[in-house]
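Chain by chain, the residues:
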Amino acid sequence: MWPFGKRDADATTESGANKNTRAELLWKQGNRYLARDRFDRAITSFEEAMTLEPSRLEGRLNFGAALYLAKRPEEALPHLQYVLALEPQNTAGLLNIAAVYDALGRLDESVGALERLVSARPNWADANYNLAIAYVKQKRYDDATTALRRELTLNPKHEAARTLLNDVHLKPRPRKASAEEGTEGDSEPGTDSENGA
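Trainee: Please clarify how helix H3 (residues 57-69) should be interpreted in this entry.
Mentor: For the α-helix, the turn length of 3.6 residues means that residues three or four positions removed from each other point alike. Taking 1.5 Å per residue, 13 residues should reach 18 Å; H3 reaches 18 Å between its end C-alpha atoms and fits that length. What H3 keeps buried is the set Gly-59, Arg-60, Leu-61, Asn-62, Phe-63, Gly-64, Ala-65, Ala-66 and Leu-67. Looking one or two places after H3, you find Lys-71, whose phi comes out positive at around 65°.

Trainee: Teacher, can you tell me more about the packing of helix H2 (residues 39-52) against H3 here?
Mentor: Relative orientation and spacing of two packed helices are given, respectively, by the angle between their axes and the distance between those axes. Orientation of H2 relative to H3, taken along the N-to-C sense of each, is 145°, at an axis distance of 9 Å. Our pair here, H2 against H3, has a crossing hand that is left-handed. Together, Phe-39, Ala-42, Ile-43, Phe-46, Glu-47 and Met-50 of H2 and Arg-60, Asn-62, Phe-63, Ala-66, Leu-67 and Leu-69 of H3 make up the contact between the two elements. Of the residues assigned to the contact of H2 with H3, the class counts are 9 nonpolar, 1 polar and 2 charged.

Trainee: Is there a simple way to explain the packing of aromatic side chains in this structure?
Mentor: Between two aromatic rings, the relevant description is the distance of the centres plus the angle of the planes. For the coordinates displayed, the defined rule picks out 2 aromatic pairs. For the ring pair Trp-27 and Phe-46, a centre distance of 5.7 Å and an interplane angle of 40° mean the geometry is tilted. Of this pair, Trp-27 sits in helix H1 (residues 4-35) while Phe-46 sits in helix H2, and the two are 19 residues apart along the sequence. By relative accessible area, Trp-27 is classed as buried at 2%.

Trainee: Help me understand the nonpolar core, please; the structure alone is not making it clear to me.
Mentor: Side chains of nonpolar character tend, in soluble globular proteins, to be buried together. Counting residues in hydrophobic clusters, the biggest one holds 45 residues, and the most contacted among them are Phe-46, Ile-97, Leu-148, Leu-164 and Val-168. If we ignore the near neighbours within four places in the chain, the residues touching Ile-97 are Leu-77, Leu-80, Gln-81, Leu-84 and Ala-113.

Trainee: Just checking my understanding: could you explain the pattern of salt bridges for this structure?
Mentor: Opposite charge on two side chains allows them to pair when their charged atoms are near. Enumeration over the complete set of coordinates arrives at 9 salt bridges. Of the charged contacts, one joins Asp-102 and Lys-137 as a salt bridge, the two residues approaching to 2.7 Å between their closest N and O atoms. In this pair, Asp-102 is assigned in helix H5 (residues 91-103) and Lys-137 in helix H7 (residues 127-137), connecting sequence segments 35 residues apart. Of the residues examined, Lys-137 reaches a relative accessible area of 46% and is grouped as partly exposed. For the salt bridge of Arg-140 with Glu-115, the shortest nitrogen-to-oxygen distance reads 3.8 Å. One end of the pair, Arg-140, is in the loop between H7 and helix H8 (141-154); the other, Glu-115, is in helix H6 (residues 107-120), and 25 residues separate them in sequence. The exposure class assigned to Arg-140 is partly exposed, which follows from its relative accessible area of 30%. Connected through shared salt-bridge partners, Glu-24, Lys-28, Glu-53 and Arg-56 make up one network.

Trainee: Would you explain the side chain of His-79 in this entry?
Mentor: Inspection of the secondary structure assignment puts His-79 in helix H4 (residues 73-86). By relative accessible area, which is 9% here, His-79 ends up buried. Polar side-chain contacts of His-79 include one of 3.0 Å to the side chain of Arg-60. When sequence neighbours within four positions are dropped, the list of residues in contact with His-79 reads Met-50, Arg-60, Phe-63, Gly-64 and Leu-67.

Thresholds applied
- Residues numbered from 1 in each chain as written.
- Predicted model: local features only at pLDDT ≥ 70, side-chain atom pairs only at ≥ 80, totals over all residues.
- Heavy atoms only, no water.
- Helix = DSSP H or I, 4+ residues; strand = E, 2+ residues; numbered from the N terminus.
- Expected span 1.5 Å × (residues − 1).
- Buried < 20%, exposed > 50% of the residue type's maximum accessible area, 1.4 Å probe, protein only.
- Axes fitted to C-alpha atoms, helices over the stretch in contact; angles between N-to-C directions.
- Left-handed = near helix turned anticlockwise from the far one by under 90°.
- Contact = heavy atoms within 4.5 Å.
- Nonpolar A, V, L, I, M, F, W, Y, C, P; charged D, E, K, R; others polar.
- Phe/Tyr/Trp six-rings, centres within 6.5 Å; stacked < 30°, edge-to-face > 60°.
- Core = buried A, V, L, I, M, F, W, Y, C linked by side-chain atoms within 4.5 Å.
- Salt bridge = Lys/Arg side-chain N within 4 Å of Asp/Glu carboxyl O.
- Polar contact = N/O pair within 3.5 Å; in protein donor to acceptor, adjacent residues only side chain to side chain.

See below:
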């Protein structure tokens, strides 16, 4: 008599192994497409891989990145949220979700993710620079200056950070009201508003 039970168990193990092998090939193929900026092909590979192996963190992270780069941030968000739910301090996950939040116009959440990233990895290249960019978008120029100075301390040759720091210093700052100021139209002590001094 044919051992059906044994045969069925072997078939299940074999199909599971084939499923894992197929998923591995699809994840790798998607990564290669992503590295070549062929986002639509990467997404297709990642979608198929995810049906076979939905819990792979690296795959979900790269799938989210591919969707973001293909200008589909709404679809990228749940993949990156999944990664960060399991690894809240995942550096690439925080950087990517910050970009996605920014693309969705959710700047406060973008800044929050970047602040978590800088807190977790203060010496990570470009973390402070990306945070400074987000601060500039919020017109938080003093915070941007601090972040850019940290970036330039870590990487003195970072030309983009140096350029942004120069730009930030040229931004007009709102005047802070003080209790000592008189009524509107009064000049500050020590100045002569009529003479332009």
